[in-house]
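Below, each chain spelled out in residue letters.
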Amino acid sequence: MAAAEPARPRRPSSRAGGEGEQRDRQPPGRAAARRRSGVPGAAAAMRAAVAQLAELLGRLPESVSLLKPTEDGWVAQVEVVELERIPETTSVMASYRVALDEDGELISYERTRRYSRGTIDRLT
């Protein structure tokens, strides 16, 4: 006697109230739409933020400490050495908030914080 084949889960019929058909035709998630519409991905947005801020400030950024998508593009927090000192732990650093549009173009930036390189954030 042959073993019975396990029952396959049934997919809801697309004819039952048109629900299945509507579900199949819904647009993909936001990330997929972002890639298709020409909006840069995270790595490209990070490179764009660093390059454009460096051009405006005349200093090379050290790192990017935050990058997140927004409705209009991207926001990045970029760390820059503003004043080099010896020892390096006393160099003056600055944190800049950079806003990029959907095409990866810088639309605004502002310095949000200045601190010594050796400073550790403390919980308040």
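A. Region of the structure containing the sheet that holds strand 4 (residues 106-116). Taken together, the four strands give an open sheet; going across it, the order is 1-2-3-4, and neighbouring strands pair in antiparallel fashion. The open sheet terminates on both sides in strands that have one partner only, identified here as strand 1 (61-69) and strand 4. This sheet shows a mean twist of 20° between the axes of neighbouring strands, independent of strand direction. Two strands pair when backbone bridges link them, and strand 3 (residues 92-100) and strand 4 are joined in this way by nine bridges, in the antiparallel orientation. Bridged to Val98 within strand 4 is Tyr109. The strands touched by helix 3 (residues 42-57) are strand 1, strand 2 (74-83), strand 3 and strand 4; relative to strand 3, the strand with the most contacts, the crossing angle is about 120°.

B. Main features of the nonpolar core. In terms of nonpolar packing, the biggest core is built from 14 residues, with Leu53, Val78, Val80, Tyr96, Val98 and Leu100 touching the most fellow members. Where this core is concerned, the elements lending two or more residues are helix 3, strand 2 and strand 3. Ranked by residue count, the leading element in this core is helix 3, at five residues. When near neighbours in sequence (up to four residues on either side) are disregarded, Val98 contacts Ala49, Leu53, Trp74, Val75, Ala76, Val78, Leu106, Ser108 and Tyr109.

Parameters and conventions
- Residues numbered from 1 in each chain as written.
- Predicted model: local features only at pLDDT ≥ 70, side-chain atom pairs only at ≥ 80, totals over all residues.
- Heavy atoms only, no water.
- Pairing = 2+ DSSP bridges.
- Helix = DSSP H or I, 4+ residues; strand = E, 2+ residues; numbered from the N terminus.
- Axes fitted to C-alpha atoms, helices over the stretch in contact; angles between N-to-C directions.
- Contact = heavy atoms within 4.5 Å.
- Core = buried A, V, L, I, M, F, W, Y, C linked by side-chain atoms within 4.5 Å.
- Buried < 20%, exposed > 50% of the residue type's maximum accessible area, 1.4 Å probe, protein only.

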